[in-house]
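# Results of the structural survey
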Amino acid sequence: MNNQQQKWLYFSLLSLVWGSSFILMKKALLGVTPIQLGALRMIFTAVFLLSVATPSLKKIEKKHYKYIFYTAIAGTFIPGFLFAFAITNIDSAVVAILNSLTPFYTLILGAIAFGFAFNKTQFYGILVGLVGTLILILKGADLNPNQNYWYALLMIIASFGYALNANMIKKYLNDLNALSIVTGNFLILLIPSIIVLAFTDFFRTFDLKNEILISSLGYLAILSIVGTGIAKTIYNKLVQVSDPVFSSSVTYIIPLVAIFWGVLDGEKLSTLQIFGGVIILLGVYLVNKKK
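Residues numbered from 1 in each chain as written. Predicted model: local features only at pLDDT ≥ 70, side-chain atom pairs only at ≥ 80, totals over all residues. Heavy atoms only, no water.

## What to know about the pattern of salt bridges
- Here the structure, examined in full by the defined rule, presents 3 salt bridges.
- We note a salt bridge from D175 to K63, for which the minimum N-O separation is 3.4 Å. Taken as a pair, D175 in the loop between α7 (152-172) and α8 (178-198) and K63 in helix α3 (residues 62-87) lie far apart in primary sequence, 112 residues in all. Side by side, D175 and K63 carry an identical accessibility label, which is exposed.
- Ionic pairing is found between D201 and R204, a salt bridge with its closest N-O pair at 3.5 Å.
- Its relative accessible area of 66% is what places R204 among the exposed residues.
- The network of salt bridges with common partners includes E61, K63 and D175. (Salt bridge = Lys/Arg side-chain N within 4 Å of Asp/Glu carboxyl O. Helix = DSSP H or I, 4+ residues; strand = E, 2+ residues; numbered from the N terminus. Buried < 20%, exposed > 50% of the residue type's maximum accessible area, 1.4 Å probe, protein only.)

This is the structure:
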C-alpha cells in the first residue's frame, strides 16, 4: 500500500472513530462529571497502551521526551478536559463542528512558527471548509437557542492545542514510531490524571451497584481504547505519511459523522446543515490537491 492509499485509509478510519467519540462522551457524562471524564479517559487509555505497547517506549530517545511532553499537554491533556466541559453545554454534533477550526490553526501555526510551506489551493480549501463549518455552527445555534455558546471558546482553545500538536509531531517527532509517541504521551499523563481524579469525589462515591455509573464507564472504556489510544496512534502515523494540514482536515469530516449519531440520538438537523457538510467535503478535497 503506497502513501496515498495509506493516508486516505487512516483519514477514513479517524473520521469514523473520532466522529463517534462525541456521542460516547455525551453518554459517559450521564454518570460522571466533566473532570472525571477527562481524567478517566486518560487513565483508561494509559493502562491500555502500557499493557500492550510498553516495548515501543524503548524507541524513544532522550531528545524526543521534551516534545513527547509538549504534545501530551497540548494535544491530549488540556483538550480532553475542555471537550468534556463543552459537551455538557452544547450538542455533541456542534462540539465536533467547532473542532473543525483545527486545520486553520494548523496551517497558520505551521507557516508562522514551524516553517512549513503550503500552496494556495490548500489555503482555499481551508477557507471553504471554514465556510461550511460556519454554516453548521450558525444553523446549530438557531436550532438550539437555549444552549450556551460561550462554551465554544473552550473548543477554540482545544483546536489550537491540536494544531500545535500536529505541527510538533511533523517537525520534531517524524523520525519516531507513531505508537511510541502516543504511548509516551500517556505514560507522562497517567500520574497527573490520577491526581486530578483523586481531587474529585469519584473514589469516595464509586458504587458498583450504580447502573448509570457502570454504563458510563463502559462508554468511557470504548472511548479510551478505540477513540483515544488506537485513534491517536493512527493520527500520528497520518501526520507522518502526509502533512499537518491534510491530517488536521480530518476534523472537517468528523462533524458529519457526529451529526449522524446526534440525529439518531434525537438532536436536530436541517437541510442547510447538510449543505454545509457538502461544502466541508469540497474543502477537504481542495486541501488534498497538490496544485
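## Concerning the packing of α7 against helix α10 (residues 211-241)
- The interhelical angle for the contact between α7 and α10, taken along N-to-C directions, is 60°, at an axis separation of 9 Å. Classified by the interaxial angle, the pair formed by α7 and α10 is oblique. In the packing of α7 onto α10, the handedness of the crossing is right-handed. Within the contact between the two elements, α7 uses Y162, N165, A166, I169 and K170 and α10 uses K232, Y235, N236, V239 and Q240.
- Grouping the amino acids of the contact of α7 with α10 by side-chain chemistry returns 5 nonpolar, 3 polar and 2 charged. (Axes fitted to C-alpha atoms, helices over the stretch in contact; angles between N-to-C directions. Parallel < 35°, antiparallel > 145°, perpendicular 65-115°, else oblique. Left-handed = near helix turned anticlockwise from the far one by under 90°. Contact = heavy atoms within 4.5 Å. Nonpolar A, V, L, I, M, F, W, Y, C, P; charged D, E, K, R; others polar.)

## Side note on empty space enclosed by the protein
- Under the counting rule described, the total for this entry stands at 3 cavities of 30 Å³ or more.
- If you go around the largest cavity, you meet 23 residues; those closest to its centre are W18, R41, F83, Y162 and K232.
- Elements with a minimum of two residues in the lining of the largest cavity: α1 (3-28), α2 (34-52), α3, α7, α10 and α12 (250-264).
- It is α3 that provides the largest number of residues to the lining of the largest cavity, a total of 5 residues.
- Of the residues contributing to the lining of the largest cavity, the split by class is 10 nonpolar, 11 polar and 2 charged. (1 Å grid on protein atoms, 1.4 Å probe; cavity = no way out; pocket = protein on both sides within 12 Å on 5 of 7 lines; lining within 4 Å. Points joined across faces, edges and corners; volume = space filled by probe spheres on them.)

## Here we look at the packing of aromatic side chains
- Per the counting criterion, the structure on display carries 15 aromatic pairs.
- With centroids separated by 5.3 Å and ring planes inclined at 65°, the aromatic side chains of W8 and F11 adopt a geometry described as edge-to-face. Highlighted residues: W8 and F11, both in helix α1, separated by 3 residues, approximately one helical turn.
- Look at W8 and you get partly exposed, because its relative accessible area is 31%.
- Under the relative-accessibility criterion, F11 is labelled buried at 4%.
- By the ring-pair criterion, three or more aromatic residues cluster together here, those being Y67, F69, Y70, F114, F116 and Y172.
- If you follow K7 out to its NZ or CZ, it ends over the ring of F246, 4.7 Å from the centre. (Phe/Tyr/Trp six-rings, centres within 6.5 Å; stacked < 30°, edge-to-face > 60°. Lys NZ or Arg CZ within 6 Å of the ring centre and 35° of its normal.)

## A short note on the nonpolar core
- One finds L14, F22, L37, F83, V95 and L220 to be the most contacted residues of the largest nonpolar core, which totals 63 residues.
- Counting only elements with at least two residues in this core, the list comes to α1, α2, α3, α4 (92-98), α7, α8, α10 and α12.
- The next biggest cluster of nonpolar side chains, apart from the first, holds 10 residues, and it includes L101, I126, V245 and I280. (Core = buried A, V, L, I, M, F, W, Y, C linked by side-chain atoms within 4.5 Å.)

## Topic: the side chain of N165
- With respect to the secondary-structure elements, N165 resides in helix α7.
- Residues in contact with N165, not counting those within four places in the same chain, are T71, G75 and Y235.

## Comments concerning the environment of G38
- In this fold, G38 is placed in helix α2.
- Sequence separation of G38 and F85 is 47 residues, and the distance between their C-alpha atoms is 9.1 Å.
- In this structure G38 touches G80 and F81, once residues within four positions along its chain are discounted.

So, to be careful, I would describe these as geometric facts and stop short of saying anything about function.
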